[in-house]
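Take a look at the letters that make up each chain.
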Amino acid sequence: MIRAHLTIDPHFTVGPINRRLFGSFVEHLGRCVYDGIYEPGHPTADENGFRQDVVDLVKELGVSAIRYPGGNFVSGYRWEDGIGPREQRPRRLDLAWHSTETNQIGLDEFATWLEAVGSELMYAVNLGTRGVLEALDVLEYANIDSGTYWSDRRIAHGRREPHDIRIWCLGNEMDGPWQLGHSTAEEYAQRAATTAAAMRQVDPDLELVVCGSSGAQMPTFGEWERIVLEKTYENVDFISCHAYYEPEGDDYGSFLASGVDMDRFIDAVVATADSVKATLRSDKTMNISFDEWNVWYQSRYQEVERITDIRSWPVAPRLLEDSYSVLDAVVFGGLLISLIRHADRVTAASLAQLVNVIAPIMTEPGGPAWRQTTFHPFSLTSKLARGTALELKLDSPTYETARYGEVAVVDAVATHDEGGTTIFAVNRSLTDEVTLEIDVRALGRVEAVAATSLFDDDIHAANTLAEPDRVVPRSNDSARVADGTVTVTLPPVSWSLVTLA
Ligand code: AHR
């Protein structure tokens, strides 16, 4: 029997948990928008064509801010194509995803959908093939009350009240050679600095996200962050991080330790940002918007390359429709633990993406919608991670990984408010149960303890159209409290939460 030990003391805190940590991402990509959130003619569609079964699942998922409309898509996007009478909207080639964009959904429709799901809009402007003027135009359309060219056009389109978008992304992954308008750090820094300054002239209180590297594996990682932040520091609030994980072959040991990589990535970006802060003698602290993160089987993905004939690029093809297993959900839960552990500096994050495209929610055209395995750790964490993230003392046995060296078998984080304390934990062992002993004496009297775990004898089990609830979280009856210690058994390859009242 393996044991791990955790000490919780509510006096030792990391920082408050910002609700924006539980954000997501909707890109005009594959069937995320069309045949995902929007399917006129579906039995559950409302008068705007939005599927109500999807609205209900998004609410249940507990998503805060939603980044839109891309992603790689945004770098070729003309936002004006998506406003005004639908029948007059142009069909365009979407070079990022080899698709035809019909523009039936644009800013106003997406904002209407967000009102239905109760989430905030995080809007990305195109700094790949466009620049400061178009960013100012969309800002005027979205946020100015009335009496100007773009705000009056919004009103003429039936949207009297401004959308009042508070958080904006200055482009997407501009360091990536795949990006339309891909730039050097110096070029992008200049474009982002000018755009940020101009947008702040319209509204000094906007929250702006500047592009960091599209991944820690990029050759320019680190230098990119330094150069971009040196130019933009005083006019932006966040630098972005993006990370996707998948196993290499059957090296599940490393895959299960993906959170270690995320921890190191965040720590490196924080160190770079703080070094720029010192160089600039600034009083301001830069936060991180981890606005793309997930498990993504990129090595399996070649669908876009297969769409070759530009005369017939499809509308909303099936792209990036990964099916997630129990193993993936445990890795995913570990990534959430890493984000919460950094709640002092990661104050916004977006699960990429929301529906059909590497998503927790899947839909069948004309048919049902269902929850992938990853849906469950997200919804439970979003619901129960409240108040403050705590600094923990965790003693866990370790194991050796090919990718990250020696890592802890158990990883955990805890959150605390007056309502109680919740511990989120993963057991990365492929073979062994772990007994987790939690010293809770500093919490005072713990009257009730309950635990829930996601695991299965078959770590490759997944939820499908035919079997949508094959994998669901189960009550973990092993949790006990006695003499100031909570004990709970964590099954191999599992994600768990323990609530203490
Ligand atoms: O989320 C899928 C894609 O991954 C996004 O469009 C892009 O920003 C990233 O490379």
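Rules and cut-offs
Residues numbered from 1 in each chain as written. Predicted model: local features only at pLDDT ≥ 70, side-chain atom pairs only at ≥ 80, totals over all residues. Heavy atoms only, no water. Domains from an automatic or database assignment. Contact = heavy atoms within 4.5 Å. Buried area = accessible area lost by both parts, 1.4 Å probe. Axes fitted to C-alpha atoms, helices over the stretch in contact; angles between N-to-C directions. Helix = DSSP H or I, 4+ residues; strand = E, 2+ residues; numbered from the N terminus. Parallel < 35°, antiparallel > 145°, perpendicular 65-115°, else oblique. Left-handed = near helix turned anticlockwise from the far one by under 90°. Nonpolar A, V, L, I, M, F, W, Y, C, P; charged D, E, K, R; others polar. Core = buried A, V, L, I, M, F, W, Y, C linked by side-chain atoms within 4.5 Å. Buried < 20%, exposed > 50% of the residue type's maximum accessible area, 1.4 Å probe, protein only. Pairing = 2+ DSSP bridges.

A.B. asks: Can you lay out the domain arrangement of the chain for me, pointing to particular residues and giving the numbers?
C.D. replies: Segmenting the chain into domains produces domain 1 (2-9 + 390-500) and domain 2 (18-384). The C-alpha-based centres of domain 1 and domain 2 are spaced at 30 Å. Contacts between the two partners involve 39 residues from domain 1, matched on the other side by 38 residues from domain 2. Summing both partners gives a buried area of about 3,100 Å² for domain 1 against domain 2, and 67% of it is carried by carbon and sulfur. Of all residues in domain 1, the largest losses of buried area upon contact with domain 2 belong to Arg403, Tyr404 and Trp495, amounting jointly to 22% of the total for that side.

A.B. asks: Lay out the packing of helix 6 (residues 223-232) against helix 8 (residues 258-279) in plain terms, naming residues and giving numbers.
C.D. replies: It is the contact of helix 6 with helix 8, at a shortest axis distance of 9 Å, that shows an interaxial angle of 40°. Between helix 6 and helix 8, the angle is such that the two are oblique. Helix 8 is crossed by helix 6, and the crossing has right-handed handedness. Each of Glu225, Arg226, Leu229 and Glu230 in helix 6 lies in contact with helix 8, whose residues at this interface are Thr272, Ala273 and Val276. Split into classes, the residues belonging to the contact of helix 6 with helix 8 amount to three nonpolar, one polar and three charged.

A.B. asks: Quick rundown of the nonpolar core? Include the residues and the values.
C.D. replies: One finds Trp113, Tyr123, Trp168, Leu170, Tyr188, Phe290 and Trp293 to be the most contacted residues of the largest nonpolar core, which totals 154 residues. Looking at this core, the element that brings in the most residues is helix 10 (residues 326-341), giving eleven residues. Both domain 1 (2-9 + 390-500) and domain 2 (18-384) contribute no fewer than three residues apiece to this core. In contact with Leu170, other than residues within four places in its own chain, are Val125, Leu127, Tyr188, Ala192, Thr195, Ala196, Met199, Leu208, Val209, Val210, Cys211 and Val236. Of all hydrophobic cores here, the second largest spans eight residues; its members include Val74, Ala124, Ile167 and Phe238.

A.B. asks: Account for the sheet that holds strand 24 (residues 480-482), with residues named and values stated.
C.D. replies: Strand order in the open sheet made by the five strands is 16-1-21-25-24, with mixed pairing throughout. Looking at which strands have only one partner, the edges of the open sheet turn out to be strand 16 (393-395) and strand 24. Ignoring strand direction, the axes of neighbouring strands in this sheet form an average angle of 20°. Sheet topology places strand 1 (residues 2-7) next to strand 21 (residues 434-439); six bridges connect them, and they run parallel. Note that in strand 21 the partner of Ile2 across the bridge is Val434.

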